[in-house]
Amino acid sequence: MTRRQMLGIGGALGLMAATGLTSAAALARRPSITGAQLRSAVPLPPPFQVPLPVPAVLKPVGTSGGADRYEITQCEASAEILPGVTTPMWTYNGTFPGPTIESRRGRPVTVSHRNELPVPTVVHLHGGRTPAASDGYPTDLLLPEGRQEHSMHMGHGSEHGMHDPRAVVTELTRDYTFPLDQRPTLLWYHDHRMDFTAPAIWRGLAGLHIVRDDAEDALGLPAGPRELPLMIADRAFAADGSLAYPALDPTLRVRPGVREPYLAGVLGDVILVNGAPWPVHEVDAARYRLRILNASNARHYELEAVTGDGHRLDLVQIGADQGLLAAPVVHRLLPIAPAERYDVVVDFSGVPIGGLVKVVNRLGSGRTRDVMAFRVARKAADDSRVPRTLSTDLPAWRRSDAVRVRDFAFRAGRMHSGHGWLIGGLPFDPARTDVTTRLGDVEVWRLIADVHHPVHLHLVGFRVLSRSGRPPLPHDAGLKDTVSLRPGEAVEIITRFDGYRGRYLFHCHNAEHEDMGMMANLEIV
Ligand SMILES: [Cu+2]
């Protein structure tokens, strides 16, 4: 590595310039946060005042032939995220989060997206077992009406000289078809456009998609109003009420990337749950199923539920990114990286009526330490249960099943003579195939990190085999699609590449890293 490259890494980590540390020394410090925080320029509300919104469930426009059809319009809309403050956003159907889609396992869904935004978009269903044509490849653009002639000058095409002959570009509307032949779980859909995923999600392009099946329904888990999706995301607000974001190109059309201090990730100083700042939710003194998604661009959380007298409630994990665990795992503290989901049951029955249970982030400080709260409002009957056996269909891949082992380093470096985030020393190029595997092959991947990198594979779920030579952590249980690499860590995962042939991706889900090169192609043949 040349000195010039080392300086690039130091700049990206925001460490070397100030301290003269080598990257090895920087690593030894194991920074607890990867990213830099924006400060809002409007007054922020006190915590636990705004009621928790639950995103509306979208109704299909048609249900013919055993398949459901939905329509979503991507459009600019004004939202009142902070009380009394108007925030222009990019939305799915006018709301943030977008509408929730509820599906049954194996029942196909087609979502027709219409782009009325001023930029191209791409929809990816995170965690979906989706044919490549509907997986939202970053150059498979959905252009706004009349923008066809513009596309050559937008985004990566002109900026980095990358051209993707395989891109399938459509104008105004595009149908995404999801077979949903997969384990029931909480998925989420979000923008995935080449070079501009991070600011597009930040502006509001994210929504939930729940898959259910009869076996899960029969378990007797908390349900109805006692099942709550919680999309956690941090944001910051400019003086005019708009969302602050340090984009180099605020039009999000031509020049990708963020200002230098934010290269490692953009953090906000307001914690939103389902689009509301530090909300509060009234609950019965009973068990609740909380389906938690970290939809933040770069912020990690270590969640705990603390009662007014300082007791921590058990977070009984029943599911991971890709559905139910084999058996519950009890946590007091639950780390959650960007794009991860945890399905947990919390029992409020021991909390005095009127008591407040705060959900806090142990990695936060000041205002970002609070996430939300539950107010236990009343005694209530509870016939829910958490069975000892939750599922029996988890894949049991063994190392000996793997036909090959691959290594990938996720590290800062230089790309296009600027700062970048690289996989195996290379920035993303749609025209380069990084991994070719055969449909059905089992592989072990060793993922090595410099700073925090939540690594996500499209199409497949995987299991965590080890962390730096040690057994996986308790929260690594079950089937994952995103694994949180911690600074300096090497994580082994195992998966079987089944489902569909075609071009897929794997990438860091720190959305700023993803936009600045940390993505690679996975070709299943
Ligand atoms: Cu990363």
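Note that the coordinates shown come from a computational prediction; the quantities given were computed from them, not determined experimentally.

Cut-offs applied
Residues numbered from 1 in each chain as written. Predicted model: local features only at pLDDT ≥ 70, side-chain atom pairs only at ≥ 80, totals over all residues. Heavy atoms only, no water. Buried < 20%, exposed > 50% of the residue type's maximum accessible area, 1.4 Å probe, protein only. Helix = DSSP H or I, 4+ residues; strand = E, 2+ residues; numbered from the N terminus. Pairing = 2+ DSSP bridges. Axes fitted to C-alpha atoms, helices over the stretch in contact; angles between N-to-C directions. Donors = N, O, S within 2.8 Å, 3.2 Å for Na, K, Ca; no water. Contact = heavy atoms within 4.5 Å. Salt bridge = Lys/Arg side-chain N within 4 Å of Asp/Glu carboxyl O. 1 Å grid on protein atoms, 1.4 Å probe; cavity = no way out; pocket = protein on both sides within 12 Å on 5 of 7 lines; lining within 4 Å. Points joined across faces, edges and corners; volume = space filled by probe spheres on them. Nonpolar A, V, L, I, M, F, W, Y, C, P; charged D, E, K, R; others polar. Core = buried A, V, L, I, M, F, W, Y, C linked by side-chain atoms within 4.5 Å. Phe/Tyr/Trp six-rings, centres within 6.5 Å; stacked < 30°, edge-to-face > 60°. Lys NZ or Arg CZ within 6 Å of the ring centre and 35° of its normal.

Peer 1: How do you make sense of the pairing of strand E16 (residues 280–285) when you look at a structure like this?
Peer 2: For a regular strand, the rule is simple: side chains alternate between the two faces of the sheet. Burial within E16 is extensive, with 5 of its 6 residues counted as buried. Both E16 and strand E25 (residues 370–379) contribute to a ladder of 6 bridges, which runs parallel. Bridging from a neighbouring strand, Ala 285 pairs with Lys 379 of E25.

Peer 1: Sorry, what's going on with the sheet that holds strand E2 (residues 68–79) here?
Peer 2: Pairing between sheet strands relies on hydrogen bonds along the backbone, with the strands arranged either parallel or antiparallel. Ordered in space as E3-E2-E5-E9, the 4 strands form an open sheet in which the pairing is mixed. The open sheet terminates on both sides in strands that have one partner only, identified here as strand E3 (87–92) and strand E9 (173–178). Each strand of the sheet is rotated relative to its neighbour by a mean of 20°, with strand direction disregarded. For E2 and strand E5 (residues 109–115), the ladder comprises 7 bridges, and the chain directions are parallel. The partner of Ile 72 across the bridge, within E5, is His 113.

Peer 1: Is there a simple way to explain the pairing of strand E18 (residues 301–307) in this structure?
Peer 2: Most of E18 sits out of view: 6 of its 7 residues are buried. In this sheet, strand E22 (residues 334–336) lies alongside E18 in antiparallel orientation, the contact comprising 3 bridges. Looking at the pairing, Glu 302 lines up with Pro 335 of E22. Of the pairings in the sheet, the one linking E18 to strand E19 (residues 312–313) comprises 2 bridges and is antiparallel in character. Pairing of Ala 305 across the sheet is with Leu 313, part of E19.

Peer 1: I tried to follow the coordination of the copper ion on my own but got confused; where do I start?
Peer 2: In ideal tetrahedral geometry, four donors around a metal make angles of 109.5 degrees, whereas ideal octahedral geometry with six donors gives angles of 90 or 180 degrees. Bound to the copper ion are the protein donor atoms His 453 (ND1), Cys 508 (SG) and His 513 (ND1), situated 2.0 Å from the metal. In the primary sequence, the donor residues of the copper ion line up as H-x54-C-x4-H. What makes His 513 buried here is its relative accessible area of 0%.

Peer 1: Would you explain the environment of Val 266 in this entry?
Peer 2: Considering the arrangement of structural elements, one finds Val 266 in strand E13 (residues 266–267). Among the residues examined, Val 266 registers a relative accessible area of 0% and is labelled buried. Separated by 90 residues in the primary sequence, Val 266 and Leu 356 place their C-alpha atoms 31 Å from one another. The residues contacting Val 266, other than those within four sequence positions of it, are Ala 36, Leu 38, Trp 202, Asp 234, Tyr 245, Pro 246, Val 258, Asn 297, Ala 298 and Glu 512.

Peer 1: Even after reading the chapter, I still don't get the pattern of salt bridges, so can you show me in this structure?
Peer 2: Any two side chains of opposite charge can pair if their charged atoms end up close together. Tallied over the full model, the rule gives 42 salt bridges. Across the salt bridge formed by Asp 284 and Arg 378, the nearest N and O atoms sit 2.4 Å from each other. Of the two residues, Asp 284 sits in strand E16 while Arg 378 sits in strand E25, which places them 94 residues apart along the sequence. Judged by its relative accessible area of 13%, Asp 284 is buried. Residue class for Arg 378 comes out partly exposed when judged on its relative accessible area of 37%. Across the pair Asp 441 and Arg 404 runs a salt bridge, and its minimum N-O distance is 3.1 Å. Here the residue Asp 441 occupies a position in the loop between strand E28 (435–437) and strand E29 (442–449), and Arg 404 occupies one in strand E26 (residues 404–415), the gap between them amounting to 37 residues.

Peer 1: What exactly am I supposed to notice about empty space enclosed by the protein here?
Peer 2: Left-over empty space is what a probe sized like a water molecule reveals as it rolls over the atoms. Applying the stated criterion to the full structure yields 7 cavities of 30 Å³ or more. The computed volume of the largest cavity comes to approximately 110 Å³. Along the wall of the largest cavity there are 15 residues; nearest its centre are Leu 290, Ile 292, Leu 303, Leu 315 and Val 359. Every element with two or more residues in the lining of the largest cavity is listed here: strand E12 (227–235), strand E17 (287–294), E18, strand E24 (356–361) and E25. Of the residues forming the lining of the largest cavity, the biggest block, 3 residues, is contributed by E18. Across the lining of the largest cavity, the residue classes break down as 14 nonpolar, no polar and 1 charged.

Peer 1: Help me out: how do you make sense of the sheet that holds strand E35 (residues 519–524) in this one?
Peer 2: In spatial order, the strands read E28-E35-E34-E30-E32; together these 5 strands make up an open sheet with mixed pairing. The open sheet has two edge strands, E28 and strand E32 (482–485), and neither has a second partner. Strand-to-strand twist in this sheet, taken as the mean axis angle between neighbours without regard to direction, amounts to 20°. Pairing of E28 with E35, which is carried by 3 bridges, proceeds in the parallel orientation.

Peer 1: Would you explain the nonpolar core in this entry?
Peer 2: Grouped burial of nonpolar side chains is what soluble globular proteins tend to show. By size, the foremost hydrophobic cluster in this structure holds 115 residues, and its most contacted members are Phe 374, Trp 445 and Phe 506. For this core, the element with the highest residue contribution is E12, accounting for 5 residues. In contact with Phe 374, other than residues within four places in its own chain, are Leu 228, Leu 230, His 281, Val 283, Leu 290, Phe 348, Gly 355, Leu 356, Val 357 and Val 359. Formed by 9 residues, the second largest nonpolar core is a distinct cluster that contains Leu 219, Leu 221, Ile 318 and Ala 320.

Peer 1: Can you help me understand the packing of aromatic side chains in this one?
Peer 2: The geometry of an aromatic ring pair is captured by the separation of the ring centres together with the interplanar angle, meaning the angle of the planes. Tallied over the full model, the rule gives 9 aromatic pairs. Ring geometry for Tyr 137 against Phe 428: centres 6.4 Å apart, planes inclined by 55°, an arrangement best described as tilted. Of this pair, Tyr 137 sits in the loop between strand E6 (123–126) and strand E7 (142–143) while Phe 428 sits in the loop between strand E27 (418–423) and E28; the two residues are 291 residues apart in sequence, bridging distant segments of the chain. The buried category is assigned to Tyr 137, whose relative accessible area is 4%. Centre to centre, the rings of Trp 445 and Phe 497 are 5.6 Å apart; their planes meet at 35°, and the pair counts as tilted. Remark: Phe 497 occurs in the loop between strand E33 (490–496) and strand E34 (502–508) and Trp 445 occurs in strand E29; sequence separation between them is 52 residues. As far as burial versus exposure is concerned, Trp 445 and Phe 497 are alike and both buried. Chaining the aromatic ring pairs together yields one cluster made of Phe 408, Trp 445, Phe 497 and Phe 506. Stacked on the ring of Trp 90, the Lys or Arg Arg 203 has its end atom at 4.6 Å from the ring centre.

That's the geometry; what it means functionally is another story.
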